[in-house]
Amino acid sequence: MTGARTGLRRALDALYLAGGIVAAGFLLAMLGVIVAQMAARWFAFSFPGSAAYAGYCMAAASFLALPYALNAGAHIRVGLFLTALGRHRRWGELWCLAIGAGLATYFAWYAVRGVRFSLQFNDISQDQDATPLWIPQSAMVVGTILLAICLWDNLIRLALTGRDNIAPEQLPETIATSEEPRHG
Amino acid sequence: MDELSLAALFVFVLFLLLGTGVWVALALIGVAVVGMELFTSRPAGDAMVTTIWAMSSSWTLTALPLFIWMGEILFRTRLSEDMFKGLAPWMGRLPGGLLHTNIVGCTVFAAVSGSSAATLTTVGKMSIPELRRRGYPERMSVGTLAGAATLGLMIPPSLTLIVYGVTINESITKLFMAGVLPGLTLAALFMGYVVAWHYLAPGQRPEAEPATSLGERLAASRFLLPVLALIALVIGSMYLGFATATEAAAFGVIGALALAAAQGSLTRKSFAESLMGAVRTSAMVAFILMGAAFLSLSMGFTGLPRALAGYIASLELSPFLLIVALTVFYVVIGCFLDGISSVVLTMAVVQPMVDVPAFRELGFDMIWFGIFVVVVVEMAQITPPIGFNLFVMQGLTGHGMGYVARAAFPMFLIMVAMVGVLVVLPDLATWLPETMRARPGP
C-alpha cells in the first residue's frame, strides 16, 4: 500500500515538473521566434504571423507551469490571516485549497469546452498565421487540468496527512543564503 | 436583491477570498465568476475562457518572461560582488561616502531587473557587510538600501509597469521611457539625503576612504562596464525605435547570457536555474493577469467602476485633491497587497476616474498615471505590515521588521516628495515617451 502511494506521489511530482520543463521549452521557443522575427526584418525575408506564434509560446509557457509554480510557492497570496491562525492554520489552508481546487476544476472544465467549440467550428487565428486555434489552446487545457489535479492532490494530502506539497513562499534571500559564500 | 446589495455582496466575496489567503490569481477568478453570475445572464465560464485566452496569448505579454529571465541570469553572476568593488572607488570620496553605493548600485541593477526584491538582495548582500565593516551607522545603511531598492519597480525594465501596461492596454515601451527620468530623479533625491546626513551628523561619519587614481578606479569597475553597455543597448534600442519592448528584452537575455559566459559563471546548472526561475515568476504574473482580465470584464457588468467614477466626478474634487486621495488609497491597499496585485485589482475602477479631460489638460495622461502608481506602490513596499522589501531586508540583515521600517521611514518621506515633484512637473514622466521614435508593433 505504502509502495503504491509513494509511486503515485512520485508520478504526480514528475508530472508537475514535466509541465515546468515543457514550459521552459516554450519560453526558449518564444525567444527563438522573436530573434527570427528581428532577423527577418534586418535581412528582409518574411516571417508571417511571428507575433502570433510568440503569443502561443507565451500562453503555453504560462499554463503548463501553473502547477509547478504552485508547488514551488511562487504564486502570491495574502498571508496575514493564515499567520494569525497560528496552530489552526491547517483549517485556513484547507479552505484555500478547497476554493482553489473548485475554481481550477471549473476553469479546466470550461477550457475543455472552449477548445471543443474551437475544433467544432474550426476557429482559425485572425492573424497572418491562420493557425487552427485548437492547437495552441490545447496548452490551456493541459495546463488547467494539471493545475486542478495539483490542487486536489494538495487538498487530499493535507486533509489526510496534515501536510501539503507546497513550498513556503519564496523570498529571494533564501536563494542568496543557499549560495556558497565567495571570496575574491 | 437590489443592485446595491448585490454590489456589496460582490465586494464582500472579493475581500473574503483575498483576505483568507486564497492565491491572488484564483481569488480574482472566483470573484469574477460570482460577479458574472450575479449581474449578467451571459454564461460565465465561456466568457472566462475567451477573455483569458486572449490575454494569455497576447504579443504584449511576451516581454514579461524575457525581462524576468534577463534579471535571473545576471542575479546568478558575480555582479553583486563586482558592483560594490566597481562602484566603491567612485563613491568613497563623495560626501556621505560609500552609502552612495547602495543607491547607485540599486539604480544600476534596477536597470537590468524588474523586481525590487532581487535588486535589494543583489546589492545588499555585498554592501551591507562592507558598510558594517567600515563603521557606517547601521540605520543609514539599512534605510538607504530598503528605499533605493524600490527603484527596481520604476526604472525599466519594470514588472509593475509591464503589468500596468497590459492591464490598461498602453504601450510598454512608452511606459518604460516614462520611468527613466523619474527613476533617476528619485535616486538623486536619495543621494541628496545621504549628502545631507553627511553634513548634519558629522559625528556619525566613518573614516574617509583612501584616495584612488582614475586608473585604479577604471580598473576596479572594468567588470561593471559591460553591464552598463547592456543597459544602454536595451534602453537605447527601445528609445531609438530600433526594437519593441519584447525585442529589447530578447537583446537583454542574449546579452546577459554572453556576459555571464564571459565571466565564467554560465554553467549548465546556472542556466537551468535561471530559466526555471523565469518560468515560475512569469507563470505567477501571467496567472494574476489572467484573473485580472476576467475580473475586469466581470466588473464592467457590475457597473461599479462607472458608479464610482460618477460619484467621484459629482464630488467635483480638484485633480490635485484626487491625487492626494489616491496616494493615501494606494498606500493603505499596499499594506495588504503586493504591487502587482494592487495594480491589477484597482485599475478597472480607477481608470474611469482619472482617464478624463480634466486630468489630461494638466499633463496627467495614463502614461503619467502609470509612473504615479508605481511610486505610490513603491512606498507601500517599505511600510509595515506587508511591505515586501521589509521581509527581504529582515532576512538579509537580521534586524526586526520594525527596525527596518523605522530606518526606511525617511525614504518613505522622500517618495512622498517625489509624488509632489511628479504633480508639479508632469513632463518629467511624459517628455521621453513623446520624443522617442516609436516602432509600430509587428
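Residues numbered from 1 in each chain as written. Chains lettered and ligands numbered in written order. Predicted model: local features only at pLDDT ≥ 70, side-chain atom pairs only at ≥ 80, totals over all residues. Heavy atoms only, no water.

Draft legend 1. View of the overall build of chain B. When helices and strands are tallied, chain B shows 22 helices and zero strands. At 22 Å, chain B has a C-alpha radius of gyration in line with the 22 Å of a compact globule built from 442 residues. Residue burial in chain B is summarised as follows: out of 442 residues, 63% are buried. In chain B, the share of contacts with a sequence separation of at least 24, taken over all contacts with a separation of at least 6, comes to 80%. A total of about 15,600 Å² of accessible surface is found on chain B, and carbon and sulfur atoms cover 67% of it. (Helix = DSSP H or I, 4+ residues; strand = E, 2+ residues; numbered from the N terminus. Rg over C-alpha atoms; globule rule 2.2 N^0.38 Å. Buried < 20%, exposed > 50% of the residue type's maximum accessible area, 1.4 Å probe, protein only. Contact = heavy atoms within 4.5 Å. Areas by Shrake-Rupley, 256 points an atom, 1.4 Å probe, with all protein chains shown as cover.)

Draft legend 2. Layout of helix 8 (residues 138-149) of chain B. All names here are of chain B. Taking 1.5 Å as the rise per residue, helix 8 with 12 residues should run 16 Å; its terminal C-alpha atoms sit 16 Å apart, in good agreement. Counting buried positions over the 12 residues of helix 8 gives 11, a clear majority of the element. Among all positions of helix 8, only E138, M140, S141, V142, G143, T144, L145, A146, G147, A148 and A149 are buried. Where the residues of helix 8 are buried, they touch helix 6 (99-110), helix 7 (116-133), helix 10 (172-200), helix 20 (388-397) and helix 21 (401-424). (Expected span 1.5 Å × (residues − 1).)

Draft legend 3. Molecular detail of the pattern of salt bridges. Residues and elements named next belong to chain B. Inspection of the entire model under this criterion finds 15 salt bridges over all chains. Here D82 ties to R78 by a salt bridge, and the two come within 3.5 Å at their closest N and O atoms. Since its relative accessible area comes to 3%, D82 is described here as buried. Residues joined in a network through salt bridges with shared partners are E72, R76, K269 and E273. (Salt bridge = Lys/Arg side-chain N within 4 Å of Asp/Glu carboxyl O.)

Draft legend 4. Structural detail: the layout of surface pockets. Counted as a void, the second largest pocket has a volume near 890 Å³. What lines the second largest pocket is a set of 34 residues, among which V11, L14, F15, F329 and I333 of chain B lie closest to the centre. Breaking the lining of the second largest pocket down by element, the ones donating at least two residues are helix 4 (80-84) of chain A together with helix 1 (3-19), helix 14 (268-302), helix 15 (304-315), helix 16 (319-334) and helix 17 (339-354) of chain B. Partitioned by chemical class, the residues of the lining of the second largest pocket number 29 nonpolar, four polar and one charged. (1 Å grid on protein atoms, 1.4 Å probe; cavity = no way out; pocket = protein on both sides within 12 Å on 5 of 7 lines; lining within 4 Å. Points joined across faces, edges and corners; volume = space filled by probe spheres on them. Nonpolar A, V, L, I, M, F, W, Y, C, P; charged D, E, K, R; others polar.)

Draft legend 5. Layout of the environment of D13 of chain A. All names here are of chain A. Mapped onto the fold, D13 is located in helix 1 (residues 2-42). Put simply, D13 and C150 are 137 residues apart on the chain and 9.0 Å apart in space, counted from C-alpha to C-alpha. Of the polar contacts made by the side chain of D13, one reaches the side chain of R9; its length is 2.9 Å. (Polar contact = N/O pair within 3.5 Å; in protein donor to acceptor, adjacent residues only side chain to side chain.)

Draft legend 6. View of the interface of chain B and chain A. Contact residues are listed per partner, giving 70 residues for chain B and 65 residues for chain A. Both faces considered, chain B and chain A share a buried interface measuring about 5,900 Å² in area, 77% of it formed by carbon and sulfur atoms. Here chain B and chain A share two salt bridges between them. Linking R41 of chain A and E247 of chain B is a salt bridge whose minimum nitrogen-to-oxygen distance equals 3.0 Å. Joining chain B to chain A, the criterion identifies nine residue pairs in polar contact (both at pLDDT 80 or more). The greatest single-element share of the side of chain B that touches chain A, amounting to 12 residues, is contributed by helix 14 of chain B. Among the residues forming the side of chain B that touches chain A, the class breakdown is 45 nonpolar, 15 polar and 10 charged. (Buried area = accessible area lost by both parts, 1.4 Å probe.)

Draft legend 7. Structural view of the confidence of the model for chain B. Residue and element names in this part refer to chain B. Considering every residue of chain B, the mean pLDDT works out to 90; 98% of them sit at 70 or more. Of all helices and strands in chain B, the one with the weakest mean pLDDT is helix 20 (82), whereas helix 10 scores best (95). Model confidence for the complex: the whole-complex pTM is 0.90, and ipTM, which rates the interface, is 0.91. (pLDDT = per-residue confidence, 0-100.)

Draft legend 8. Just helix 6 (residues 134-161) of chain A, in detail. Given a rise of 1.5 Å per residue, 28 residues ought to cover 40 Å, and the 39 Å separating the end C-alpha atoms of helix 6 of chain A matches this to within 8%. Phi for G162 of chain A, located one or two positions after helix 6 of chain A, is positive at around 85°.

Draft legend 9. Focus on the nonpolar core. Residue and element names in this part refer to chain B. L66 and F369 are the most contacted members of the largest nonpolar core, which totals 228 residues. Per-element tally for this core: the top contributor is helix 14, with 17 residues. Those residues in contact with F369 that sit more than four places away from it in its chain are Y164, L326, M347, V350 and V354. (Core = buried A, V, L, I, M, F, W, Y, C linked by side-chain atoms within 4.5 Å.)

Draft legend 10. Region of the structure containing unusual backbone geometry. With an omega of -5°, the peptide bond running from P156 of chain B to P157 of chain B counts as cis. Here P157 of chain B shows up in the loop between helix 8 and helix 9 (159-168). In this structure, A130 of chain A takes a positive phi of about 50° despite not being glycine. Relative to the elements of secondary structure, A130 of chain A occurs in the loop between helix 5 (89-120) and helix 6. In this structure, E316 of chain B is a non-glycine residue whose phi angle is positive, near 50°. Structurally, the position occupied by E316 of chain B is in the loop between helix 15 and helix 16. Using a relative accessible area of 70% as the deciding quantity, one classes E316 of chain B as exposed.

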